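The chain contents come next:
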Amino acid sequence: MRLPLLGVALLGLLLILTPTPTHCNHTAAGYELATKQILQRATERIHHVWEITRKIFVQLTAKGKSPLGGTVLSSKQEVEAETYRLYYELAANLSVVPVAELSDPLQRRFVQRLAKLKLQGLRPKEYEQAKDLLRQIHGFVSGPMVCPHSDCSASGPLAMVPQIVKRNMYAKQYEELLDNWKTWRNAINEKDVAKNTFKDYVRLLRKAATYNGHVTASRTWYLNYDTENFQAELEAVVWEIMPLYRELHAYLRHEVQAAYPKADTKSDGAISAPIMDQILSQDWYPHQFFRTPHQGKQHQLPSVHRRLEEVLVTPVKINRMAAEFFESLGLIVLPNTFYDRYSRRMSEEEAGVDCKSQVYYFPPEVALRYCPKLDYKKLMQIHGTMAEIQYHFYKMRLPFGLDTEPCPGFGAAIAETVILASGTPRHLNRLKILLNSSLTEEQSLNRLFRMGVHTLIAVPQYFINDKFLVDVMDGRIGVKDYNCAYWDLQDKFAGVQPPRTRLNKDFDLDFKFYRGLNPETSNTKKFLAEILGFQFYRSFCLASGQYRPGDPSHPLHNCDFYGNPEAGKKIHDMMEVGASRHWRDVMEIATGERKLSGRGILEYFAPLFTWLKERNKQLDIQPGWDADELCRRD
């Protein structure tokens, strides 16, 4: 049981109101009154948090202020501490409220959403332990851990992200990929540090589940998905898109055999993990080792970066372009005050190599700090960021606790949908960035292939990382079986194997697994954003008439629903309900469906699927794999 930090009087009131047969109606009214009082007090306190957030934005954007200043850091710590105390107290008080006694549907939803928590449901000391563990886990990925070839004299130790990932992208020799793969894992797991950190973190996740009254820890991990056996639904989607994945895997395996003979990849085998890491890092790299469907300069994709410079597009103009996409759909027109007061450019120093825009939420305002970089990737990202800003403006009209997305990843799925539309040749032509509204057939297939590598290779990895964590939390995978169980999942769902014989005492999980241990960036959330994003996209494109199944002149992959009021209404209706309804109810608004499906992905990549099947047949390549037994359980 959680113990409240504050608000004991309210908890006492609720306990006094425990119902008896003689005064049920009186008690129901009492519960509603007490819940209303809890919500009012919580709203007052969250306004204080929002005011600190506003100050952080002002401090970060004030001239002459360092983004790493102590004032900003202490303010961020205050926001985190105040938010934890608020949610912890709310859960303690609301956990004794019988939801069935509440007649107001918004009150019921408020209690359902906030009576149970993930890490914030831990007691203060345990919560601090969880934060320390997450900081250590973040260090595994972003901290300087590895000396290339055991020599740090030249440039010092490197971090997995971004240095080693970049080295993998440029690597030409299999030996270099293998060395990077092995040395990072050796570094983070020296004296079992990574494995023990993970074990300690799982222990706290299980403890959070017990506070929620959950017998299995996965119930807490999947909190707010409100679905029995949610993992089974995720797995069903993986198997739905598996025929397409197997064809792409088979083609890439053939390319691996030609590029890296020393990897000893069998014609019916799995792909070595270091090479699969490189494939993911090279999805849009122009000098990748694998061949796109059509070679030759005339079939290369147009350079968007060059055109951005030619049409004198600036980061400020890109922001306006992205905002105008939503305005064309009949959504909120951002006022000049937003651009004048609440939109600020990051400094070059803070932005770094791969900066990402930041959104600040402090109702009644939303603020943006945007990246100063100018390239195609940032053009796409700012469209996703503007989706987040629009979402904030709509859901801030709801009561506190319901002014959020209905489940983790839902907002990111809407952003993914807009990114898909804004990245089409049709839309880039509208922005004068491409000269034509469509690509040649060869260019279009090359584009689909690149996007397929980016999406189709990543989705099973999100699922594998999620399933491994959940199976460990629920006790289906024991400590002694960690490593081989992980490689079993890689074999079953992705056709990936370790580069050499590994032992169960090793701990070989990928850096994306560690990133996904934070509930804010979980692999569950990323998986849902990808799958649901394509489902939304298909629905909006059908509604706009830009996608006509069976009509090659209106394929899904070139659909731009810009300016379409039907698509805009679907987005508006989803955004304005926030978390006041179950995510399946909100999903149904857009798609007419209540279950996750891979149909959007399959229809989007249908031309690529056709080409892969034909090309693999020409090359006498059989899809599927039979991985070597490279993990020893003894």
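The rules we used
- Residues numbered from 1 in each chain as written.
- Predicted model: local features only at pLDDT ≥ 70, side-chain atom pairs only at ≥ 80, totals over all residues.
- Heavy atoms only, no water.
- Axes fitted to C-alpha atoms, helices over the stretch in contact; angles between N-to-C directions.
- Helix = DSSP H or I, 4+ residues; strand = E, 2+ residues; numbered from the N terminus.
- Parallel < 35°, antiparallel > 145°, perpendicular 65-115°, else oblique.
- Left-handed = near helix turned anticlockwise from the far one by under 90°.
- Contact = heavy atoms within 4.5 Å.
- Nonpolar A, V, L, I, M, F, W, Y, C, P; charged D, E, K, R; others polar.
- Salt bridge = Lys/Arg side-chain N within 4 Å of Asp/Glu carboxyl O.
- Buried < 20%, exposed > 50% of the residue type's maximum accessible area, 1.4 Å probe, protein only.
- Pairing = 2+ DSSP bridges.
- Expected span 1.5 Å × (residues − 1).
- Phe/Tyr/Trp six-rings, centres within 6.5 Å; stacked < 30°, edge-to-face > 60°.
- Lys NZ or Arg CZ within 6 Å of the ring centre and 35° of its normal.
- Disulfide = S-S within 2.5 Å.

(A) Focus on the packing of helix 16 (residues 376-395) against helix 24 (residues 565-576). Packing of helix 16 against helix 24 brings their axes to within 8 Å, and their N-to-C directions diverge by 55 degrees. The angle between the axes of helix 16 and helix 24 places the two elements in the oblique class. The crossing of helix 16 and helix 24 is right-handed. Where helix 16 approaches helix 24, its residues Ala387, Gln390, Tyr391, Tyr394 and Lys395 are matched on the opposing element by His572, Met574, Met575 and Glu576. Classifying every residue of the contact of helix 16 with helix 24 gives five nonpolar, two polar and two charged.

(B) How the structure looks around the pattern of salt bridges. What the rule picks out here adds up to 29 salt bridges. Measuring nitrogen to oxygen at the nearest pair gives 2.5 Å for the salt bridge that ties Asp488 to Arg633. Residue Asp488 is located in helix 21 (residues 482-494), and its partner Arg633 is located in the segment after strand 7 (631-632); the two are separated by 145 residues in the primary sequence. Since its relative accessible area comes to 39%, Asp488 is described here as partly exposed. Salt bridges sharing partners connect three or more residues here, namely Lys467, Asp471, Asp474 and Arg476.

(C) The arrangement of the pairing of strand 4 (residues 365-370) in detail. Of all six residues that make up strand 4, five are buried, and the element is covered over most of its length. Bridge count between strand 2 (residues 343-345) and strand 4: three bridges; the pairing is parallel. Within strand 4, the residue paired with Ser343 across the bridge is Leu368. Bridging between strand 3 (residues 358-362) and strand 4 involves five bridges; their strand directions are antiparallel. Within strand 4, the residue paired with Tyr361 across the bridge is Val366. Counting the residues between successive antiparallel strands, the hairpin from strand 3 to strand 4 contains two residues.

(D) Fine view of helix 23 (residues 523-544). For helix 23, built from 22 residues, the straight-helix expectation of 32 Å at 1.5 Å per residue is met to within 8% by its first-to-last C-alpha distance of 31 Å. Among the 22 residues of helix 23, 18 are classified as buried, and the element is accordingly described as predominantly covered. Just beyond helix 23, the residue with positive phi is Gly545, at close to 80 degrees.

(E) How the structure looks around the sheet that holds strand 4. The three strands are arranged 2-4-3 in an open sheet whose pairing can be described as mixed. Strand pairing shows two members of the sheet lacking a second neighbour, strand 2 and strand 3, which therefore form its edges. Strand-to-strand twist across the sheet, computed as the mean angle between neighbouring axes with direction ignored, equals 15 degrees. Against the sheet, helix 13 (residues 315-328) engages strand 2 and strand 4, with an angle of about 140 degrees to strand 4. Docked against the sheet, helix 16 engages strand 3 and strand 4, running at close to 165 degrees with respect to strand 4.

(F) Representation of the packing of aromatic side chains within the structure. Counting across every chain of the model gives 49 aromatic pairs. Both rings, one in Phe140 and one in Tyr514, keep their centres 5.6 Å apart while their planes meet at 80 degrees; by these two values the pair is edge-to-face. In this pair, Phe140 sits in helix 5 (residues 124-142) while Tyr514 sits in helix 22 (residues 511-515), placing the two residues 374 residues apart along the sequence. The burial state of Phe140 is the same as that of Tyr514; both residues are buried. Grouping aromatic residues by their ring pairs yields a cluster made of Phe140, Trp181, Trp184, Phe198, Phe468, Tyr482, Tyr486, Trp487, Phe507, Phe513 and Tyr514. Here the basic side chain of Lys118 rests over the ring of Trp221, its NZ or CZ set 5.2 Å away from the ring centre.

(G) Here's a closer look at the environment of Lys480. Examined against the element boundaries, Lys480 turns out to sit in the loop between helix 20 (458-473) and helix 21. Take Lys480: its relative accessible area is 73%, and that puts it in the exposed class.

(H) Geometry of the state of the cysteines. Summed over the entire model, instances satisfying the criterion amount to three disulfides. Covalently, Cys484 is tied to Cys631 through a disulfide, its sulfur atoms 2.1 Å apart. Between Cys484 and Cys631, the S-S torsion sits near -90 degrees, and that sign places the bridge as left-handed. Highlighted residues: Cys484 in helix 21 and Cys631 in strand 7, separated in sequence by 147 residues. For the residue pair Cys484 and Cys631, the accessibility class agrees, reading buried in each case. In this model, Cys541 is linked to Cys559 through a disulfide, with the two sulfur atoms separated by 2.0 Å.

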